[in-house]
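Fold and geometry: a report
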Amino acid sequence: MVKIEFLGPINRENIEVKADNLNDVKIILNQDSELKEWLNDCAVAVNDEIVNNLNITLKSGDRISLLPPVCGG
Amino acid sequence: MVKIEFLGPINRENIEVKADNLNDVKIILNQDSELKEWLNDCAVAVNDEIVNNLNITLKSGDRISLLPPVCGG
Amino acid sequence: MLELYRGALNVEEIINKWYQLNNKENYGGIINFIGVVRDENSITGLSFDIYEPILIKWFENWQIKANKLNAKVFMAHSIGDVSLHQSSYIATVASPKRRIALNLIDEFVEDFKANAPIWKYDLIDKKRVYAKDRSHKIKGSGILS
Amino acid sequence: MLELYRGALNVEEIINKWYQLNNKENYGGIINFIGVVRDENSITGLSFDIYEPILIKWFENWQIKANKLNAKVFMAHSIGDVSLHQSSYIATVASPKRRIALNLIDEFVEDFKANAPIWKYDLIDKKRVYAKDRSHKIKGSGILS
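Reading guide: rules and limits
Residues numbered from 1 in each chain as written. Chains lettered and ligands numbered in written order. Predicted model: local features only at pLDDT ≥ 70, side-chain atom pairs only at ≥ 80, totals over all residues. Heavy atoms only, no water. Helix = DSSP H or I, 4+ residues; strand = E, 2+ residues; numbered from the N terminus. Rg over C-alpha atoms; globule rule 2.2 N^0.38 Å. Buried < 20%, exposed > 50% of the residue type's maximum accessible area, 1.4 Å probe, protein only. Contact = heavy atoms within 4.5 Å. Areas by Shrake-Rupley, 256 points an atom, 1.4 Å probe, with all protein chains shown as cover. Lys, Arg positive; Asp, Glu negative; His and termini not counted. Charge placed at Lys NZ, Arg CZ, Asp CG, Glu CD. Buried area = accessible area lost by both parts, 1.4 Å probe. Salt bridge = Lys/Arg side-chain N within 4 Å of Asp/Glu carboxyl O. Polar contact = N/O pair within 3.5 Å; in protein donor to acceptor, adjacent residues only side chain to side chain. Nonpolar A, V, L, I, M, F, W, Y, C, P; charged D, E, K, R; others polar. Axes fitted to C-alpha atoms, helices over the stretch in contact; angles between N-to-C directions. Parallel < 35°, antiparallel > 145°, perpendicular 65-115°, else oblique. Disulfide = S-S within 2.5 Å. Pairing = 2+ DSSP bridges.

This next bit is on the overall build of chain A. On a plain count of helices and strands, chain A comes out with two helices and five strands. Along chain A, helices and strands appear, N-terminal first, in the series β-β-α-α-β-β-β. The globule rule puts the C-alpha radius of gyration for 73 residues at 11 Å, and the 12 Å found for chain A is close to it. Its C-alpha atoms give chain A principal-axis dimensions of roughly 35 × 25 × 20 Å. Looking at chain A as a whole, 49% of its 73 residues are labelled buried. Contacts in chain A between residues at least 24 apart in sequence constitute 51% of all its contacts with a sequence separation of at least 6. For chain A, the accessible area works out to roughly 3600 Å², and carbon and sulfur atoms hold 42% of it. Put simply, chain A has 7 plus and 12 minus side-chain charges, and the middle of one group is 4 Å from the middle of the other.

Here it is in structure tokens:
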């Protein structure tokens with residue numbers, strides 16, 4: 001199982017899902033119509049490292065974070 | 001008579017000379033070998049306005065300032 | 001140095017503390033950028049969420065980049081609510097050289113705006129409204145869509 | 001606002017005073033550049049001469065330029081001797097917009113270095129030595145040569 005956390009304004013509880021790679025995560029999250037709207041705008045971090053593609057193998061306990069558009073300052 | 005003042009590191013007393021225009025001033029100052037060394041590096045102000053050419057008519061009481069290279073801060 | 005505070009920043013205290021650190025270390029140019037909450041769009045203030053683990057990494061990478069230029073970066077930011085005319089953000093760079101300090105403050109503040117994991121909300125009628133229109137997608141966004 | 005002081009600047013006092021003015025006027029981005037005397041070249045400090053009439057005009061032109069962008073500029077500078085690790089120069093810009101503030105501080109500080117009528121001397125063995133190598137000819141120099 002991997003943990004998925006939704007940061008900032010997405011305002012959702014963390015979930016745990018079974019996924020071997022980020023492509024599995026993509027498929028799972030796209031099934032939720034409310035979440036789907038956020039996906040185009042969100043960056044993705046695996047264990048707090050932002051990643052730029054889906055070719056990432058996941059292991060149990062990994063933490064995936066969705067980061068919506070930012071505006072500090 | 002016009003007044004000529006030597007600013008910052010030139011370290012000279014003001015002088016008064018007879019000059020109808022900046023070209024007269026140029027001729028006078030170039031006669032002083034010590035001053036001559038500064039002239040290439042100095043900007044010139046007439047009554048506190050920096051000027052960019054010699055085509056300036058002077059009248060009695062005008063104040064000409066020589067500004068050597070600057071370094072504020 | 002990265003400092004996070006609940007609520008508005010105490011600008012005088014932070015700026016003066018960093019200045020005392022920097023002038024003693026023989027830096028010749030010290031620049032502070034102070035961000036202040038403006039009275040606009042009928043808001044009563046702004047509010048911020050921060051994801052600290054990624055912010056800390058982002059900041060550490062900047063410190064490494066600055067150190068290579070013999071410079072340093074400092075940052076303070078608010079978490080939660082900040083009222084009108086109060087400060088929510090301070091960025092400071094210190095460098096031996098003026099030109100490097102001017103370049104660094106510009107790049108640092110712009111990269112902060114584009115990539116630091118901080119979310120901004122307008123405070124309107126005591127509610128938090130996500131400032132989506134003013135927000136920026138982080139590099140690499142959209143890979144899950 | 002242009003302020004000239006005999007000797008070193010009181011950085012905390014000046015920065016804090018200007019910050020209090022600016023945050024109340026709904027400026028969103030306030031940037032301070034602080035110039036500090038570095039310990040280098042075996043100097044014990046720096047010393048400055050200023051020709052005020054032309055400095056005041058130079059500054060007024062900058063204020064007009066900043067006002068057109070709804071911004072403001074502030075400057076403080078020392079006259080006479082300033083010791084190591086003390087400040088001789090502060091430039092501040094305040095703007096509603098971050099991007100304008102970042103551009104203005106850069107242009108203002110660079111134009112100051114190139115054209116403000118201020119002369120710098122190294123203090124070495126209690127003597128003033130004109131910092132000729134670090135000085136810049138003002139635009140239009142050389143017309144009398």
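What follows covers the overall build of chain C. For chain C, the helix and strand inventory stands at three helices and seven strands. Ordered by position in the sequence, the α and β elements of chain C form the string β-α-β-β-α-β-β-α-β-β. Taking 2.2 N^0.38 as the reference for a compact globule, 145 residues should give roughly 15 Å; the C-alpha atoms of chain C span a radius of gyration of 16 Å, in line with that estimate. With the principal axes as the frame, chain C shows a C-alpha extent of 50 × 40 × 25 Å. Looking at chain C residue by residue over its 145 residues, the buried ones come to 56%.

With 33 residues of chain D at the contact, the number on the chain C side is 33 residues. Both sides of the chain D and chain C interface together cover about 3100 Å² of buried area, and 49% of this is carbon and sulfur. For chain D, the biggest contributors to the area lost against chain C are Asn-26, Arg-38 and Arg-98 of chain D; these three give 19% of the whole. On inspection of chain D and its partner chain C, the count reaches six salt bridges. Ionic pairing is found between Asp-106 of chain C and Arg-99 of chain D, a salt bridge with its closest N-O pair at 2.7 Å. Here chain D and chain C share 19 residue pairs in polar contact (both at pLDDT 80 or more) between them. Counting residues per element, the ones that place at least two in the side of chain D that touches chain C are α1 (11-24), β2 (29-36) and α3 (98-115) of chain D. Each residue belonging to the side of chain D that touches chain C can be placed in one class, and the counts come to 13 nonpolar, eleven polar and nine charged.

Before going further, it helps to examine the packing of helix α3 (residues 98-115) of chain C against α3 of chain D. Two numbers describe how α3 of chain C lies on α3 of chain D: the axes approach to 11 Å, and their chain directions differ by 175°. With respect to α3 of chain D, the axis of α3 of chain C lies roughly antiparallel. Counted together, Arg-98, Arg-99, Leu-102, Ile-105, Asp-106, Val-109, Glu-110 and Lys-113 of chain C of α3 of chain C and Arg-98, Arg-99, Leu-102, Ile-105, Asp-106, Val-109, Glu-110 and Lys-113 of chain D of α3 of chain D form the full contact between these two elements. Tallied by class, residues from the contact of α3 of chain C with α3 of chain D come to six nonpolar, no polar and ten charged.

What follows deals with the state of the cysteines. Residues and elements named next belong to chain B. Tallied over the full model, the rule gives zero disulfides over all chains. Distance from the sulfur of Cys-42, which forms no disulfide, to the nearest cysteine sulfur (Cys-71) is 15 Å. For Cys-71, a relative accessible area of 3% translates into the label buried.

Counting residues at the interface gives 35 residues for chain A and 33 residues for chain C. Summed over both sides, the interface between chain A and chain C buries roughly 2800 Å², with carbon and sulfur atoms accounting for 62% of that surface. For chain A, the biggest contributors to the area lost against chain C are Val-70, Cys-71 and Gly-73 of chain A; these three give 26% of the whole. Where chain A meets chain C, there are three salt bridges. At the surface where chain A touches chain C, the tally comes to 19 residue pairs in polar contact (both at pLDDT 80 or more). Among the elements that make up the side of chain A that touches chain C, the one with the highest residue count is helix α1 (residues 22-30) of chain A (five residues).

With that out of the way, let us pick up the sheet that holds strand β3 (residues 43-46) of chain B. All names here are of chain B. On the basis of which strands lie adjacent, the open sheet formed by five strands has the order β2-β1-β5-β3-β4 and mixed pairing. Each of the sheet's edge strands pairs with one partner strand only, and the pair in question is β2 (15-17) and β4 (49-51). Ignoring which end each strand starts from, the neighbouring axes of this sheet average 30° apart. Of the pairings in the sheet, the one linking strand β1 (residues 2-6) to strand β5 (residues 63-67) comprises four bridges and is parallel in character. In the strand pairing of β5, Glu-5 is matched with Ser-65.

What is shown is where atoms sit, not what they do.
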